[in-house]
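Take a look at the letters that make up each chain.
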Amino acid sequence: MSAKQNEPAASSAELVPVKFSRLTRRGVLLGLSLAQLITLAIGILSIVGALYAGGGILLVYTAPVWVIAACLTWIPVVGRPAVEWLPVACWWLWRSTGGQLLYRRRVVKPRPVGTLALPGDQSRLREYTDPDTGAGMIHDPTSGTLTVVCEVTHPAFVLLDPGEQERRVTSWGRVLATVCRSGRIATLQVLERTLPDSGTGLAEWWEAHGTADDTWAAQTYAELIDRAGPAGERHATTLSLALDMNASARQIRTAGGGLRGAAAVLRQEMNTLIAALRSADLAPSGWLSPGQIAVILRSAYDPAIAATLERHGQLGQSLATAGPVAVNESWSRLRTDSAHHAVLWVSEWPRSLVYPGFLSPVLLSTGIQRSFSLLCTPMRSDQAARDIRKKKVEHISDQAQRAKIGQIEDAAQTAEYHDVLQQEADLTAGHGVLRYTGLISVSAATVEELDAGVAAIEQAAIQASCETRLLVGQQAAAFTAAALPLCRRI
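Small disclaimer: the values here were computed from a predicted structure and weren't measured. (Residues numbered from 1 in each chain as written. Predicted model: local features only at pLDDT ≥ 70, side-chain atom pairs only at ≥ 80, totals over all residues. Heavy atoms only, no water.)

Visitor: What exactly am I supposed to notice about the packing of aromatic side chains here?
Guide: Any two aromatic rings considered together are summarised by their centre-to-centre distance and by the angle between their planes. Under the criterion given, the structure shown has 2 aromatic pairs. Both rings, one in Trp92 and one in Trp331, keep their centres 5.4 Å apart while their planes meet at 85°; by these two values the pair is edge-to-face. Of this pair, Trp92 sits in helix 4 (residues 86–97) while Trp331 sits in the loop between strand 11 (326–329) and strand 12 (334–335); the two residues are 239 residues apart in sequence, bridging distant segments of the chain. (Phe/Tyr/Trp six-rings, centres within 6.5 Å; stacked < 30°, edge-to-face > 60°. Helix = DSSP H or I, 4+ residues; strand = E, 2+ residues; numbered from the N terminus.)

So, in structure tokens, the structure goes:
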């Protein structure tokens, strides 16, 4: 989908519907992927070799080979060809035999200074505190990124009038266009979480407006407020910005090199993003410190302690202890300290025209603890142009092949080609191109509550004209990308 860089102001008070590009399902030849072509070639070679070598009897002996190859090529499993599940199944088998599905923190063994106590490949992440802004930065030495997190507050979008909604959508498009123009941003992550309300708002209101005398009414109010605890839920939104240190190597060397130079380059992007957010009528509350990031990580893995951490602001302010104590990963869910988790992938965005608030059924669902993460990956203009040219060549060549064999072209293929032409027109007009990945993490105290929450989110996604799929065989990696503001990818 394109992010427009020079968007004109809305001339009317009506919302303008938008349309998403379809998920590209291109193949190498006639819609078949490379894995399908390999299995098909194996089946054909076994048949041809059997016919030349031994005739019919050898063809019977080799039947298991070409029958399995045909099944892997054409039989779909949960909407995907069976052969495309082989890498997932093999990787899952490798991890299960190697004991990588279980994580237990070594309590008596301290972590090295500057590292994060997180499971899996996240253990390579490093902590760095910017000396100028005090912001906590997360360094990934393997992927070469430096990530910073900012909390954003905003008014309820659904309560605004249509004209104001359209203006804010246009302003947000300018924010995304700013990210596209930089060329040094690896990922922009928008994370919207539901958290249990700790009751601090009630306590602060009573402290400011109440009369703390020794009367019976005052004592009753104080006791009720103290016992209220997490009586509801609230929403929190964060923006995470990841600097591509490989693409910014020259600027980093100019700024002094190392993490200090990378932090200086990232500060420039941080200032630009803050200015863009303020121009979009969003209120950034400042870049989060390492302690605030630690609270978010701890709350994601241990939701039962989230309200306590909020009520007592000095607890859990260390990244060295922010990770989970225990993690058990299964095929379709994840078990951490005090909750079960399941991650859904938004496999299809709305195919028809929708208004900007189409995600309201998902984001405003109540009674479900969930995190919605939108990963925006900007593409450079030259890379986007090459990708579009490649897609055009694939469409044209497939159309020619279908015409030779007399295969009819369906409407879905025509619509995909029109989406490619629209992206090319937007890129030629000077707009940026972003790749979106939507992930929804659902958490619950029990497996039964988790299944009920996943079913409710799936129904809410249907109301939002979206299609979701439960990610299997990779729940641990999916949870870090969906629930943690670290700009992780899967």
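Anyway, onward from the coordinates.
Visitor: Whenever I open this one, the pattern of salt bridges confuses me. Can you help?
Guide: Should the charged atoms of two oppositely charged side chains come close, the side chains can pair. Evaluation of the coordinates by the stated rule reveals 18 salt bridges. The partner of Arg95 in a salt bridge is Glu329, with the nearest N and O atoms 2.6 Å apart. You can see Arg95 sitting in helix 4 and its partner Glu329 sitting in strand 11, a full 234 residues away along the chain. Relative accessible area serves as the criterion here: at 11%, Arg95 is assigned to the buried category. Residue Glu329 is classed as buried on the basis of its relative accessible area, which comes to 8%. Where Arg488 meets Asp140, a salt bridge forms, and the shortest distance between an N and an O atom there is 2.7 Å. One end of the pair, Arg488, is in the segment after helix 16 (475–483); the other, Asp140, is in strand 6 (residues 136–140), and 348 residues separate them in sequence. Taken together, the shared-partner salt bridges in this structure form one network comprising Asp121, Arg124, Asp140 and Arg488. (Salt bridge = Lys/Arg side-chain N within 4 Å of Asp/Glu carboxyl O. Buried < 20%, exposed > 50% of the residue type's maximum accessible area, 1.4 Å probe, protein only.)

Visitor: Hey, could you run me through the confidence of the model for the protein in this one?
Guide: Interpretation of this model should avoid reading the predicted coordinates in detail wherever pLDDT is low. Of all residues in the protein, 91% have pLDDT values of 70 or greater, and the mean over the chain is 83. For the stretch residues 2–12, pLDDT sits under 50, and the model shows 24 contacts to residues farther than four places along the chain or on other chains. (pLDDT = per-residue confidence, 0-100. Contact = heavy atoms within 4.5 Å.)

Visitor: Quick question: what am I supposed to make of the side chain of Thr480 here?
Guide: For Thr480, the location among the structural elements is in helix 16. Separated by 2.7 Å, the side chain of Thr480 and the backbone oxygen of Ala477 make a polar contact. Once residues within four sequence positions are removed from consideration, Thr480 is found in contact with Gln122, Tyr301 and Arg488. (Polar contact = N/O pair within 3.5 Å; in protein donor to acceptor, adjacent residues only side chain to side chain.)

Visitor: Would you explain the environment of Leu470 in this entry?
Guide: Topologically, Leu470 is positioned in strand 16 (residues 467–470). Classification of Leu470 by relative accessible area gives partly exposed; the value is 34%. Sequence separation between Leu470 and Gln407 is 63 residues, and the spatial gap between their C-alpha atoms is 33 Å. Sequence-distant contacts of Leu470, that is, excluding residues within four places in its chain, are made with Ser332, Ala342, Val343, Leu344 and Gln475.

Visitor: I keep staring at the pairing of strand 9 (residues 233–244) and nothing clicks. Help me out?
Guide: Every other side chain in a regular strand lies on the same face of the sheet, so the side chains alternate between the two faces. Pairing analysis gives 8 bridges linking strand 7 (residues 145–153) to strand 9, with the strands arranged antiparallel. Looking at the pairing, Val152 lines up with Thr237 of strand 9. When strand 8 (residues 185–196) meets strand 9, the two strands line up antiparallel, connected through 11 bridges. Opposite Pro196, over in strand 9, you have Glu233 as the bridge partner. (Pairing = 2+ DSSP bridges.)

Visitor: Before we go on, may I ask you to explain unusual backbone geometry in this structure?
Guide: Excluding glycine, residues mostly carry a negative phi; peptide bonds, for their part, are mostly trans. Even without glycine at this site, Ser465 takes up a positive phi of about 65°. Position of Ser465 among the secondary structure elements: in the loop between helix 15 (447–463) and strand 16. Take Ser465: its relative accessible area is 38%, and that puts it in the partly exposed class. A positive phi is found at Cys487, a non-glycine position, where the angle reads about 55°. By secondary structure assignment, the location of Cys487 is in the segment after helix 16. Residue class for Cys487 comes out buried when judged on its relative accessible area of 10%.

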